[in-house]
Amino acid sequence: MTLQQEIVGNAMQMAVVNLNPGQTVYCEAGKFLFKTTNVTMETRLSGTSGSSGQQGGGSGGMGGMLRQAMGTAMQVGQRMLAGESLAFQYFTAQGGQGTVGFAGVLPGEMRALELDGRRAWFAEKDAFVAAESSVEFGIAFAGGRTGMSGGEGFVLEKFTGHGTVIIAGAGNFIDLNPADFGGRIEVDTGCVVAFEEGIQYGVQRVGGLNRQGIMNAVFGGEGLSLATLEGNGRVILQSLTIESLANALKKAQGGDKQGPTGGLFSTHAG
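For the structure given in this document, a descriptive report is provided here.

## Topic: the sheet that holds strand 2 (residues 14–19)
For step 1, the next point in the chain: Strand order in the open sheet formed by 4 strands is 1-2-7-4, with antiparallel pairing between adjacent strands. Sheet topology places strand 1 (4–8) and strand 4 (32–35) at the edges, where each strand pairs with a single neighbour. Across the sheet, the mean angle from the axis of one strand to that of its neighbour is 20°, orientation sign disregarded.
For step 2, the next point in the chain: Alignment of strand 4 against strand 7 (residues 98–103), held across 3 bridges, turns out to be antiparallel. By the bridge assignment, Lys35 is partnered in strand 7 with Val100.

This is the structure we're talking about:
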């Protein structure tokens, strides 16, 4: 069953979800806004796979309970390593239709993605807002070499199954397909919001270790790396990066330390 939802607002959008009786939607802790009184709220450490295991755990006795506990611990451990919220909040409509509101944490757009069970979606950390219970949330690691060289994109959120998942980003979104641009595009590592399974994601150095490469890194404002996206599939990019927003706020508060060069010498948030 497709989630009945409407994304409203402009500069800071929100998703208003209408639930049928017994229908469940879950969100990352901190993304909930409001609900009607007939919608119950439950906070769980386990994700959707953990909740399905709980339903079948009674027949497994002590062994089933142990497997469930180990599965929950693995999920929580993965999210902890990824810097994600440790818990999810589940909302279920009781006795009639109910309404729940969700939002991201930065000024920007939201997008509802429909999963058909054939292709997974990957998103940057903190992009996830909410999904119906038939969508499974997981953590994917892009690989140590890619993550360490890029500084961003090492940890990705992964969505599988059937149904609707709602994501959020900063600024405005643009949808691209690398196949329309010769099969490959290069973007600022902080601009990637989400992409379909089948897109190859990587990080490459900006230029070589020569005069122009150093000029790009030091004065170009992009640091040493760019993200690369290759293949045939949907890619969602955002117009505002968290780093540029943090630097703009620091500058407005008189605490800007990056000077005129930006790039390699820019001050990173945190």
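So much for the structure itself; the text now carries on.
## Things to note about the pairing of strand 7
For step 1, the next point in the chain: Burial runs high along strand 7: 5 of the 6 residues are buried.
For step 2, the next point in the chain: Taken together, the 6 bridges between strand 2 and strand 7 define a ladder with antiparallel strand orientation. Of the residues in strand 7, the one forming a bridge with Val17 is Val100.

## What to know about the sheet that holds strand 14 (residues 184–187)
For step 1, the next point in the chain: As summarised here, the arrangement of the 3 strands in space is 14-17-16, forming an open sheet in which the pairing is antiparallel. In this open sheet, the two edge strands, each paired with only one partner strand, are strand 14 and strand 16 (200–205). Each strand of the sheet is rotated relative to its neighbour by a mean of 30°, with strand direction disregarded.
For step 2, the next point in the chain: Here 4 bridges tie strand 14 to strand 17 (residues 225–230), and the two strands are oriented antiparallel to one another. Across the sheet, residue Glu186 finds its bridge partner in strand 17, namely Thr228.

## Points about the side chain of Asn177
For step 1, the next point in the chain: With respect to the helices, strands and loops of the structure, Asn177 is situated in the loop between strand 13 (173–176) and strand 14.
For step 2, the next point in the chain: Asn177 sits in the buried class, given a relative accessible area of 17%.
For step 3, the next point in the chain: Separated by 3.1 Å, the side chain of Asn177 and the backbone nitrogen of Gly233 make a polar contact.
For step 4, the next point in the chain: Residue contacts for Asn177: discarding those within four places in its chain leaves Gly231, Asn232 and Gly233.

## What to know about the pairing of strand 6 (residues 88–93)
For step 1, the next point in the chain: The buried fraction of strand 6 is high, at 6 of 6 residues.
For step 2, the next point in the chain: On strand 6, burial covers both faces: Phe88, Tyr90 and Thr92 on one face and Gln89, Phe91 and Ala93 on the other are all buried.
For step 3, the next point in the chain: In this structure, strand 3 (residues 24–28) lies alongside strand 6, joined through 5 bridges in antiparallel fashion. By the bridge assignment, Cys27 is partnered in strand 6 with Gln89.
For step 4, the next point in the chain: Summarising the sheet, strand 5 (residues 39–44) and strand 6 pair through 6 bridges and their orientation is antiparallel.

## Describing the environment of Met14
For step 1, the next point in the chain: Looking at the secondary structure, you find Met14 in strand 2.
For step 2, the next point in the chain: Spatially, the C-alpha atom of Met14 lies 5.7 Å from that of Phe102, the residues being 88 residues apart in sequence.

## Description of the pattern of salt bridges
For step 1, the next point in the chain: The tally for this structure, following the rule as stated, stands at 8 salt bridges.
For step 2, the next point in the chain: Of the charged contacts in the structure, one is a salt bridge between Glu28 and Lys31, with a shortest N-O distance of 2.9 Å.
For step 3, the next point in the chain: Judged by relative accessible area, Lys31 falls into the buried class, the value being 5%.
For step 4, the next point in the chain: Several salt bridges share partner residues, and in doing so they unite Arg111, Asp175 and Arg234 into one network.

## Thoughts on the nonpolar core
Side chains of nonpolar character tend, in soluble globular proteins, to be buried together.
For step 1, the next point in the chain: Ranked by size, the top nonpolar core spans 21 residues in total, and within it Tyr26, Phe128, Phe159, Val165 and Ile167 carry the most contacts.
For step 2, the next point in the chain: With 4 residues, the top contributor of residues to this core is strand 12 (residues 155–168).

The rules behind these values
- Residues numbered from 1 in each chain as written.
- Predicted model: local features only at pLDDT ≥ 70, side-chain atom pairs only at ≥ 80, totals over all residues.
- Heavy atoms only, no water.
- Pairing = 2+ DSSP bridges.
- Helix = DSSP H or I, 4+ residues; strand = E, 2+ residues; numbered from the N terminus.
- Axes fitted to C-alpha atoms, helices over the stretch in contact; angles between N-to-C directions.
- Buried < 20%, exposed > 50% of the residue type's maximum accessible area, 1.4 Å probe, protein only.
- Polar contact = N/O pair within 3.5 Å; in protein donor to acceptor, adjacent residues only side chain to side chain.
- Contact = heavy atoms within 4.5 Å.
- Salt bridge = Lys/Arg side-chain N within 4 Å of Asp/Glu carboxyl O.
- Core = buried A, V, L, I, M, F, W, Y, C linked by side-chain atoms within 4.5 Å.

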